[in-house]
Structure formats: C-alpha cells, structure tokens
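Structural features, examined
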Amino acid sequence: MAEIITAVYASADTLTNVRNDLVSVGIPQEKIRLSHDKRQVQVMGPESAEAEIEEILKRHEPTELHTS
C-alpha cells in the first residue's frame, strides 16, 4: 500500500533541494508534490521505501514530519 509522507520546512527555499535529493535516489517526480505556500513536500511511495524517504526528508531538518 502507498504511503504519503509529508514534511514541512521553515523555508520554501529548501523544497527544491529536497525534491532533487528524492529524484536522485530514484523517486519519480510525479510522486513528489511541493507546496511553496505551505512550505511542504509530500511524497507518495510504497511502505518498503518509507524509511529511505524519511531519512532524505530529515536531512533537511523539517519542522514537521508525518505519514498518512
């Protein structure tokens, strides 16, 4: 089953770096949603990739991180 992992950052400038890191490890761009207004990144991926996705998101020091 697919999980949606959401990370919120203090600066919208961080979002592009996060997306680039996710794409560089093979996450398809269509599975990544950026919201500059909310300063958040949402990633949809399989549960098997959840730990790797969370590790990448945490590298950029989110103010919030949750899975739904």
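Report follows, based on the coordinates. (Residues numbered from 1 in each chain as written. Predicted model: local features only at pLDDT ≥ 70, side-chain atom pairs only at ≥ 80, totals over all residues. Heavy atoms only, no water.)

Observations concerning the pattern of salt bridges
A complete count under the given rule lists one salt bridge for this structure. We note a salt bridge from R59 to E55, for which the minimum N-O separation is 2.9 Å. Pair noted here: R59 and E55 are both in helix 2 (residues 50-59), with a separation of four residues, about one helical turn. According to the relative accessible area criterion, E55 is partly exposed, its value standing at 39%. (Salt bridge = Lys/Arg side-chain N within 4 Å of Asp/Glu carboxyl O. Helix = DSSP H or I, 4+ residues; strand = E, 2+ residues; numbered from the N terminus. Buried < 20%, exposed > 50% of the residue type's maximum accessible area, 1.4 Å probe, protein only.)

Concerning helix 2
Every buried residue belonging to helix 2 is among I53, E54, I56 and L57, and all of these are buried. For helix 2, the angular spread of the buried residues around the axis is 160°, confining them to a single face. The exposed residues of helix 2 that point more than 90 degrees off its buried face are A51 and K58. In this structure, the buried residues of helix 2 make contact with strand 1 (2-8), helix 1 (14-24), strand 3 (40-46) and strand 4 (64-67). Positive phi appears at E61, one or two residues downstream of helix 2, with a value of about 55°. (Arc of directions from axis to C-beta. Contact = heavy atoms within 4.5 Å.)

A few points about the environment of R33
Following the sequence through the fold, R33 ends up in strand 2 (residues 32-35). The class for R33 is exposed, based on a relative accessible area of 58%. Measuring from C-alpha to C-alpha, the distance between R33 and T63 comes to 17 Å, with 30 residues separating the pair along the chain. Not counting residues up to four positions away in its chain, the partners in contact with R33 are Q40, V41 and Q42.

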